[in-house]
Amino acid sequence: GCTVAGMELTEDYVTVATALTKRCGLDDRVTFTKASALALPFPSSHFDAATLIHVGMNVPNKTALFSEIRRVLKPGGRFGVYDVMRLDNVELPFPMPWAQTSVTSHVERPDTYRNALEGAGFIIAAAHDRSALALDLAKAMREKVAKEGAPPLGLHLLMGPAGGQRMENVLGALQKGHIA
């Protein structure tokens, strides 16, 4: 019974998300808009809940990001973050799924997120490291691809020819504990 609004900077991704949502029969409840997470096109206190899924590592100013999300949430609104975070100072191998080089990668430590969230007025209810889950999912995905071949639609299409290297780099960094 909920309605969902998705934001994306890339017009092509908005177009594809809209088409897939329509194909799934959810276009009466889900909309996508081309917008920056730093300037959301919604009034203050508009949403009951918000989530950030693999976005923060693309945004250098976490304080501005979380302040804008706080602005569009109703008082008492909930906010969930599922993001890649740095655990040490080891230089990450590039390309990564979210960035070709370190110039456009803004992966930060959990304490940076915590400070920015609290600075924006959020109270952190819980924090969980989902590295093991990510590694288990990657293993299952590899096994399925080895058995059945690559699916017609998937991350490999979004990441292009460097997709294999991007995935190897992120999984290696996860396994070594450089990111979570």
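Keep in mind it's a predicted model, so treat the numbers as computed, not measured. (Residues numbered from 1 in each chain as written. Predicted model: local features only at pLDDT ≥ 70, side-chain atom pairs only at ≥ 80, totals over all residues. Heavy atoms only, no water.)

### Points about the nonpolar core
Inference 1: Within the largest apolar cluster, 17 residues are counted, with the highest numbers of intra-cluster contacts made by Leu52, Leu65, Phe66, Ile69, Leu73, Phe79 and Phe122.
Inference 2: Going through the elements one at a time, strand E3 (47-53), helix H2 (62-72), strand E4 (73-82) and helix H3 (110-119) are the ones with two or more residues in this core.
Inference 3: The element best represented in this core is H2, accounting for four residues.
Inference 4: Not counting chain neighbours up to four residues away, the residues in contact with leucine 73 comprise Ser45, His46, Phe47, Asp48, Ala49, Ala50, Arg78, Phe79 and Phe122. (Core = buried A, V, L, I, M, F, W, Y, C linked by side-chain atoms within 4.5 Å. Buried < 20%, exposed > 50% of the residue type's maximum accessible area, 1.4 Å probe, protein only. Helix = DSSP H or I, 4+ residues; strand = E, 2+ residues; numbered from the N terminus. Contact = heavy atoms within 4.5 Å.)

### Digging into the packing of H2 against H3
Inference 1: Following both chains from N to C, one finds H2 and H3 inclined at 45°, their axes separated by 8 Å at the closest point. Compared by their axis directions, H2 and H3 come out oblique. Crossing of H2 over H3 shows right-handed handedness. Where H2 abuts H3, its residues Lys62, Thr63 and Phe66 lie against Tyr113, Ala116 and Leu117.
Inference 2: A per-class count over the contact of H2 with H3 returns four nonpolar, one polar and one charged. (Axes fitted to C-alpha atoms, helices over the stretch in contact; angles between N-to-C directions. Parallel < 35°, antiparallel > 145°, perpendicular 65-115°, else oblique. Left-handed = near helix turned anticlockwise from the far one by under 90°. Nonpolar A, V, L, I, M, F, W, Y, C, P; charged D, E, K, R; others polar.)

### Focus: the side chain of serine 131
Inference 1: Examined against the element boundaries, serine 131 turns out to sit in helix H4 (residues 131-148).
Inference 2: Its relative accessible area of 11% is what places serine 131 among the buried residues.
Inference 3: Within polar-contact distance, the side chain of serine 131 engages the side chain of aspartate 129 at 2.6 Å.
Inference 4: Those residues within four positions of serine 131 in sequence are excluded, and the remaining contacts are Leu174, Ile179 and Ala180. (Polar contact = N/O pair within 3.5 Å; in protein donor to acceptor, adjacent residues only side chain to side chain.)

### Here's the deal with the side chain of aspartate 83
Inference 1: Topologically, aspartate 83 is positioned in the loop between E4 and H3.
Inference 2: Despite its burial, aspartate 83 pairs with no opposite charge; the closest candidate is lysine 62, at 6.3 Å N-O.
Inference 3: Among the polar contacts made by the side chain of aspartate 83, one reaches the main-chain amide nitrogen of glycine 56 at a distance of 2.7 Å.
Inference 4: At a separation of 2.7 Å, a polar atom in the side chain of aspartate 83 contacts the side chain of tyrosine 113.
Inference 5: Ignoring any residue separated from it by four or fewer positions in sequence, one finds aspartate 83 in contact with Leu52, His54, Val55, Gly56, Met57, Tyr113 and Ala180. (Lys, Arg positive; Asp, Glu negative; His and termini not counted. Salt bridge = Lys/Arg side-chain N within 4 Å of Asp/Glu carboxyl O.)

### Describing the pattern of salt bridges
Inference 1: Within the structure shown, the criterion is met by three salt bridges.
Inference 2: For arginine 71, the salt bridge is made with glutamate 68, and the minimal N-O distance between the two is 2.8 Å. On the criterion of helical spacing, the pair formed by arginine 71 and glutamate 68 is a turn pair, its members being three residues apart in helix H2.
Inference 3: Among the residues examined, glutamate 68 registers a relative accessible area of 10% and is labelled buried.
Inference 4: Where glutamate 168 meets arginine 142, a salt bridge forms, and the shortest distance between an N and an O atom there is 2.7 Å. One end of the pair, glutamate 168, is in helix H6 (residues 163-175); the other, arginine 142, is in helix H4, and 26 residues separate them in sequence.
Inference 5: Using a relative accessible area of 45% as the deciding quantity, one classes glutamate 168 as partly exposed.
Inference 6: Judged by its relative accessible area of 40%, arginine 142 is partly exposed.

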